[in-house]
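Chain by chain, the residues:
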Amino acid sequence: EQLFLNGDMSRGVLACVTCHGEGGNSTIPMNPNLAAMPHEYIAKQLRDFVPQGDKRAVRTGADGAPSIMSTIAPTLTPQDIQNVALYLSQQKMDWDKAGTATHEATMERGQTIWRAGIADRKVPACAACHSPNGAGLPAEFPRLAGQHPEYLLDQLKLFRSGDRANDIMHDIADRMNDKDLAAVADYAAGL
Ligand code: HEM
Ligand code: HEM
């Protein structure tokens, strides 16, 4: 909690709260909301942002550009990661600050993909891994409900391009067009 709220200037660790909001409830569209995420997922992401020697990090921005988190994650010790991940997993969602669905016209399409996937393109139902209500599942499946739709869409495109390297999500995003990605990102945010 201490680290999340204040960082540690003596070690060059920035305060997470500045960008991710109180208890991880960010109100900035491209800054993910971190409250009530599985702690194993948070810890994995913090490791994934760390560049590996000369090699790029598992998780970068578009075209391999370093994520802002790639300057922050390397300042954290394994103990910091464990502490901050547990702290965030125990925070409550503040639904007043959460993301919501706003595109009425694509809601039905988003719901269909969420619940049933797209059979003829072999896209599985998102609900199977992210839980029917979008709350996520231990250990590695993030909560998507209440996440900012802009952030979700951005991540789906990064999975598709491989800039965020993940085999499962790459295969899924790669079989979807921009319209379907936008529809399901919006729907998931509103769960
Ligand atoms: C992403 C944690 C500080 C901006 C993330 C993610 C985690 C995280 C776990 C991935 C979330 C997900 O996959 O859903 C932390 C912690 C911090 C911290 C523990 C403090 C030690 C900051 C600060 C900023 C920031 C200070 C702004 C200057 C962002 C942004 C993303 C992100 C923009 C999305 C990155 C991308 O998609 O490449 N953070 N964060 N974070 N964080 Fe932080
Ligand atoms: C991560 C969306 C289906 C497994 C994510 C993220 C998004 C997403 C946006 C990143 C969340 C964040 O950064 O906070 C979707 C959508 C799906 C879908 C829209 C349906 C079309 C699935 C399925 C599985 C799965 C079926 C399991 C077979 C995962 C895993 C991660 C993830 C393991 C974490 C990846 C990592 O560690 O970086 N998904 N997902 N997803 N999803 Fe999915």
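You'll find the structure just up there.
One structure accompanies this document, and this report is about it. A quick note: this is a predicted structure, and the numbers were derived from the prediction, not measured.

**Notes on the nonpolar core**
The tendency in soluble globular proteins is for nonpolar side chains to be buried as a group.
So, step 1. Ranked by internal contacts, the top residues of the largest apolar core, which has 21 residues, are Ile113, Trp114, Leu152, Leu156, Met176 and Val184.
So, step 2. Breaking this core down by element, the ones donating at least two residues are helix H6 (107–116), helix H8 (149–161), helix H9 (167–174) and helix H10 (178–189).
So, step 3. If you tally residues by element for this core, the top one is H10, at 6 residues.
So, step 4. If near-sequence neighbours (up to four positions away) are discounted, Leu152 is found in contact with Leu144, Gln147, Ala185, Ala188 and Ala189.
So, step 5. Counting 20 residues, the second largest nonpolar core, distinct from the first, contains Phe4, Leu46, Ile72 and Val84.

**Let's talk about the coordination of the iron atom of ligand 2**
So, step 1. Taken together, His130 (NE2) and Met169 (SD) make up the protein donors of the iron atom of ligand 2, found 2.1 to 2.3 Å from the metal.
So, step 2. Relative to the metal, the 6 donor atoms surrounding the iron atom of ligand 2 lie at angles of 86 to 179°, and the coordination shape comes out octahedral. Here His130 is found in helix H7 (residues 127–130), whereas its partner Met169 is found in helix H9, with 39 residues between them in sequence.
So, step 3. Accessibility expressed as a relative area gives 10% for His130, which makes it buried.
So, step 4. Residue Met169 is classed as buried on the basis of its relative accessible area, which comes to 17%.

**Section: the coordination of the iron atom of ligand 1**
So, step 1. For the iron atom of ligand 1, every protein donor is listed as His20 (NE2) and Met69 (SD), and the spread of their distances is 2.0 to 2.3 Å.
So, step 2. Taken together, the 6 donor atoms coordinating the iron atom of ligand 1 span angles of 86 to 178° at the metal, a pattern that classifies the geometry as octahedral. In this pair, His20 sits in helix H2 (residues 17–20) while Met69 sits in helix H4 (residues 69–72), placing the two residues 49 residues apart along the sequence. Pair check on accessibility: His20 and Met69 agree, each one buried.

**What to know about H8**
In an α-helix, one turn spans 3.6 residues; hence positions three or four apart end up facing the same way.
So, step 1. Across its 13 residues, H8 extends 19 Å between first and last C-alpha, which sits within 8% of the 18 Å expected from 1.5 Å per residue.
So, step 2. Buried within H8 we find Pro149, Tyr151, Leu152, Gln155, Leu156, Leu158 and Phe159.
So, step 3. Gly162 sits one or two positions beyond H8 and adopts a positive phi of about 90°.

**What about the site of ligand 2?**
So, step 1. The local shell around ligand 2 holds 26 residues, among which Cys126, Cys129, His130, Tyr151 and Met169 are the closest.
So, step 2. Contact distances for ligand 2 include 2.8 Å between an oxygen atom and a side-chain N or O atom of Lys44.
So, step 3. Here an oxygen atom of ligand 2 sits 2.8 Å away from a polar atom, N or O, in the side chain of Arg164.
So, step 4. If you list the elements that add at least two residues to the shell around ligand 2, you get helix H3 (39–48), H7, H8 and H9.
So, step 5. The element best represented in the shell around ligand 2 is H8, accounting for 5 residues.
So, step 6. Class assignment for the residues of the shell around ligand 2 results in 19 nonpolar, 4 polar and 3 charged.

About the thresholds
Residues numbered from 1 in each chain as written. Chains lettered and ligands numbered in written order. Predicted model: local features only at pLDDT ≥ 70, side-chain atom pairs only at ≥ 80, totals over all residues. Heavy atoms only, no water. Core = buried A, V, L, I, M, F, W, Y, C linked by side-chain atoms within 4.5 Å. Buried < 20%, exposed > 50% of the residue type's maximum accessible area, 1.4 Å probe, protein only. Helix = DSSP H or I, 4+ residues; strand = E, 2+ residues; numbered from the N terminus. Contact = heavy atoms within 4.5 Å. Donors = N, O, S within 2.8 Å, 3.2 Å for Na, K, Ca; no water. Tetrahedral: all angles 85-135°; square planar, octahedral: opposite > 155°, others 65-115°. Expected span 1.5 Å × (residues − 1). Near = heavy atom within 4 Å. Polar contact = N/O pair within 3.5 Å; in protein donor to acceptor, adjacent residues only side chain to side chain. Nonpolar A, V, L, I, M, F, W, Y, C, P; charged D, E, K, R; others polar.

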